[in-house]
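What follows is each chain in one-letter form.
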Amino acid sequence: MDSNGDGIGDLQGIISKLDYLKDLGITAIWMSPVYPSPNADNGYDVADYLGIMPEFGTLGDWQELADGCHQRGIKIIMDIVVNHSSDEHPWFIESAKSKTNDKSDYYIWHDPVEGKEPNNWRSVWGGSAWEYVPEREQNYLHLFSKKQPDLNWSCEELKNEIYSMMEKWVQLGTDGFRVDAISYLDKPIDFPDSPEPSMADGYSFCMEQLIGRDKTHRYIHGMNEALKKYGDVLMVGEVVVKDTADMQRYVLDENEEFSMAIPFVPPVVEIEAWSPKKLKEDLFESYESLKSTGWCARFLSNHDKPRQVSLYGKEGEFGEQSAKMLATFIHTLPGTPFVYQGEELGMTNVYFDSIEEYDDIDTRTYYEGCLLAGMNEADAFKKAQHISRDNARTPMHWNSSKNAGFTTGDPWLKINENYLKINAEKQINDPDSVISYYKKLITLRKENKILVYGDLKFITLCDSDNVISYTRSYKGETWLIINNFSDKEITLSPAEYDSVILGNSKFKKNSISAYEAVIIKI
Ligand code: NOJ
Ligand code: CA
């Protein structure tokens, strides 16, 4: 929500919507980075870890927001980006000047090898992961864009600066952190070549060589050590993992690293590899490995993914129905549900007319990559549109007035044209709306420990992979949840069904209709 008409959402805007959030029932807010940043990657390139981006407000506004949250029983989670900073951070500006300055070790510098880059690593968004700085006569490493130089965690002073920065935010009133891109803090000092030099996409490369090194785990544990004296600080890690064993290491209680983890899957993979069957298998595997001493973050949407209705559900005729089904799914699984802005209204992907209208670096570099690979412009655009992170980043739809009530000025990113159909004001007093359904689910979960702590068991009620059904059991009670991930009605094998607790349609017992979800006490 933009409070001052400059077209950019801001802290006062969020403050003006705190009652909306309280009414929705959420108990914590995670904001993507709000620090000063040149915005090469939408704030994930931080130029001052302890400041607030002037467009968003001041530290005073942040304090007002934190107080407003706490008065309403809502916690506030800051996003910290400490694998890299912005190249406009004063540390980097200093570090780049010479090999001997105060901050010379804060980043990862390497001499050129035979006049070339130190090795063949590629950055996540294409091109070499190394950038040469003539002043220092060395290259610096950047796993993301060249405006995001990687920090050198093996430098004690840098590490301690980060730990004390985290402490300062907690002292100000932060209740926890979402820690960005955390799996590759530690880098091998010999910088070996990647065995697959042709690998175009940096994420696969990171997977192979950099993720989950022992020292990375030690650095994360160190964050907890630094924050221990403040009591229970929530730590949510965004991790890249090969398998569940990898995942476990980050979230097992005894390791004291993260309270829960958000596994990162690049949008392209997410879209291409998705199926209800795969979703169920992944769920099963992660649940089994974490059920004794770990905990999960549960989500289908965030600022890096397409809108969930567009990806896992169906826009149009089944828009509302599938939005409610997906909500049921997230809120009835073990783990902490995360709701991404606008998801509670069933917001969908956006279809801008040209690549210039997209702001996201990932969308633009992906489009260029498709062209380089020989694809024609129309096909490349269609693909980029499909995976774009801007699908989720378009402004929130508050009402039916101009610019969806988000701003009185020109919005920083175009508004999705369907805001007249999908907006908060239209839904809030409608008992059948998507948001009303979210409220019921959130309340249900708060009032019934079975949805939080109940054992999970997948069960088969039909021969279709498009239905995901499971029970939750707790203290002698069992609930059955059935979700239809397809636009077809599917016959269910006869079973004893007791009372329906909540659902998005009238449950017919012997079948489940298109995108129907139901929670039944059995
Ligand atoms: C993960 C963040 O969620 C994403 O938005 C960002 O581009 C990368 N990390 C780099 O910081
Ligand atoms: Ca503003």
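To be clear, the structure that these remarks concern was listed above.
Values in this document were obtained by computation on a predicted structure and should not be read as measured data. Sequence positions are assigned chain by chain, starting from 1 and proceeding in written order. Chains and ligands are labelled by the order in which they are written, letters from A for the one and numbers from 1 for the other. Owing to the predicted nature of the model, reporting of local features is limited to residues with pLDDT of at least 70; listing and counting of side-chain atom pairs is limited to 80 or more, with chain, interface and lining totals taken over all residues. Only heavy atoms go into the side-chain values, all of them from the structure, while hydrogens and water stay out.

Trainee: How should the overall build of the protein chain be read in this particular structure?
Mentor: Secondary structure summary: the protein chain contains 18 helices and 17 strands in total. We compute the radius of gyration over the C-alpha atoms and compare it with the globule rule, which gives 2.2 Å times the number of residues raised to the power 0.38. For 522 residues, the compact-globule estimate of 2.2 N^0.38 gives 24 Å, and the C-alpha radius of gyration of the protein chain, at 23 Å, lies within 12% of that figure. For the protein chain, the spread of C-alpha atoms along the principal axes amounts to about 75 × 55 × 50 Å. Exposure classes here rest on a 1.4 Å probe applied to the protein chains alone. A residue is buried below 20% of its type maximum, exposed above 50%, and partly exposed in between. Evaluated residue by residue, the protein chain yields a buried proportion of 58% over its 522 residues. We call two residues in contact whenever any of their non-hydrogen atoms come within 4.5 Å of each other. Long-range contacts, defined as pairs at least 24 residues apart, comprise 67% of the intrachain contacts of the protein chain with a sequence gap of at least 6. Method for areas: the Shrake-Rupley scheme with a 1.4 Å probe, in which residue coverage is limited to the protein chains shown. Accessible surface for the protein chain amounts to roughly 22,100 Å². Of this, 50% is attributable to carbon and sulfur atoms. Distance between charge centroids for the protein chain: 5 Å, based on 54 positive and 84 negative side chains. Under the scheme used here, helices are H or I runs from DSSP no shorter than 4 residues and strands are E runs no shorter than 2 residues, and both carry numbers assigned from the N terminus. Note that His is not counted, nor are the chain ends; the positive residues are Lys and Arg, and the negative ones are Asp and Glu. Just so you know, the charge point we use is NZ for Lys, CZ for Arg, CG for Asp and CD for Glu.

Trainee: Just checking my understanding: could you explain the pairing of strand 1 (residues 28-31) for this structure?
Mentor: Consecutive residues of a regular strand have side chains that alternate between opposite faces of the sheet. On strand 1, burial follows the alternation: Ile-29 and Met-31 on one face are buried, whereas Ala-28 and Trp-30 on the facing-out side are not. We call a crossover right-handed when, viewed with the strands running away from us, the connection from the first strand over the helix to the second turns clockwise. Of the crossover connections in this fold, the one passing from strand 1 over helix 3 (residues 59-71) to the parallel strand 2 (residues 75-80) is right-handed.

Trainee: Looking at this model, I keep getting lost on the site of ligand 1. Mind explaining?
Mentor: Surveying the vicinity of ligand 1 reveals the residues Asp-41, Tyr-44, His-84, Trp-125, Phe-144, Arg-178, Asp-180, Glu-238, His-303, Asp-304, Arg-389 and Arg-393. A 3.5 Å cut-off defines polar contacts: any pair of N or O atoms within that distance qualifies, except that in protein one atom must be a possible hydrogen donor and the other a possible acceptor, and neighbouring residues in sequence count only when both atoms are side-chain atoms. In the environment of ligand 1, an oxygen atom lies 3.0 Å from a nitrogen or oxygen atom belonging to the side chain of His-84. With respect to ligand 1, the side chain of His-303 contributes an N or O atom lying 2.8 Å from an oxygen atom. When the free accessible area of ligand 1 is taken as 290 Å², the share hidden by the protein chains comes to 99%. Residues are grouped as follows: Ala, Val, Leu, Ile, Met, Phe, Trp, Tyr, Cys and Pro are nonpolar; Asp, Glu, Lys and Arg are charged; every other residue, Gly included, is polar. Residue composition of the shell around ligand 1, by class: 3 nonpolar, 2 polar and 7 charged. When at least one non-hydrogen atom of a residue lies within 4 Å of a molecule or strand, that residue is treated as near it.

Trainee: What am I meant to see in the coordination of the calcium ion (ligand 2) here?
Mentor: Reference values for angles at a metal are 109.5 degrees in the four-donor tetrahedral case and 90 or 180 degrees in the six-donor octahedral case. Excluding water, the donors of a metal are its N, O and S neighbours within 2.8 Å, or within 3.2 Å for Na, K and Ca, and that exclusion means sites may look incomplete. At this site the calcium ion (ligand 2) is bound by Asp-2 (OD), Asn-4 (OD1), Asp-6 (OD), Ile-8 (O) and Asp-10 (OD), with donor distances of 2.2 to 2.4 Å. Donor residues for the calcium ion (ligand 2) sit on one chain with the sequence pattern D-x1-N-x1-D-x1-I-x1-D. Overall, Asn-4 belongs to the exposed group, its relative accessible area being 51%.

Trainee: So what exactly am I meant to see when it comes to the nonpolar core here?
Mentor: One recurring pattern in soluble globular proteins is that nonpolar side chains are buried together. Here the nonpolar core consists of buried residues drawn from Ala, Val, Leu, Ile, Met, Phe, Trp, Tyr and Cys, with membership extended through side-chain atoms lying within 4.5 Å. Ranked by internal contacts, the top residues of the largest apolar core, which has 124 residues, are Val-82, Trp-153, Phe-177 and Phe-329. Residues within four places of Phe-329 in sequence aside, it is in contact with Leu-279, Leu-283, Leu-300, Ile-468, Tyr-470, Asn-483 and Phe-485.

Trainee: Teacher, can you tell me more about helix 13 (residues 361-372) here?
Mentor: For the α-helix, the turn length of 3.6 residues means that residues three or four positions removed from each other point alike. Multiplying one less than the number of residues by 1.5 Å gives the expected span of a helix. The terminal C-alpha atoms of helix 13 lie 16 Å apart, and with 12 residues this matches the ideal 16 Å at 1.5 Å per residue to within 8%. Along helix 13, the residues classified as buried are Ile-361, Asp-362, Thr-363, Tyr-366, Tyr-367 and Cys-370. Contact partners of the buried residues in helix 13: helix 9 (267-272), helix 14 (377-387) and helix 15 (390-393). Capping the start of helix 13 is the job of one residue whose side-chain oxygen sits 3.0 Å from the backbone nitrogen of Asp-362: Asp-360. One or two steps after helix 13, the chain reaches Gly-374, where phi turns positive at roughly 100°.

Trainee: Explain the sheet that holds strand 6 (residues 176-179) to me, please; I cannot follow it from the model alone.
Mentor: Each strand in a sheet pairs with its neighbour through backbone hydrogen bonds, running either in the same direction (parallel) or in the opposite one (antiparallel). A pair of strands is labelled paired if DSSP reports no fewer than 2 bridges between them. What the 5 strands build is an open sheet, ordered 1-2-6-7-8; its pairing is parallel. Of all strands in the sheet, those with a lone pairing partner are strand 1 and strand 8 (260-263), marking the two edges. Strand after strand, the sheet turns through a mean of 20° between neighbouring axes, direction not considered. Here an angle of 0 to 180 degrees is reported between the N-to-C directions of two axes, which are lines fitted to C-alpha atoms, with helices fitted over the stretch in contact.

Honestly, it's all geometry; don't read function into it.
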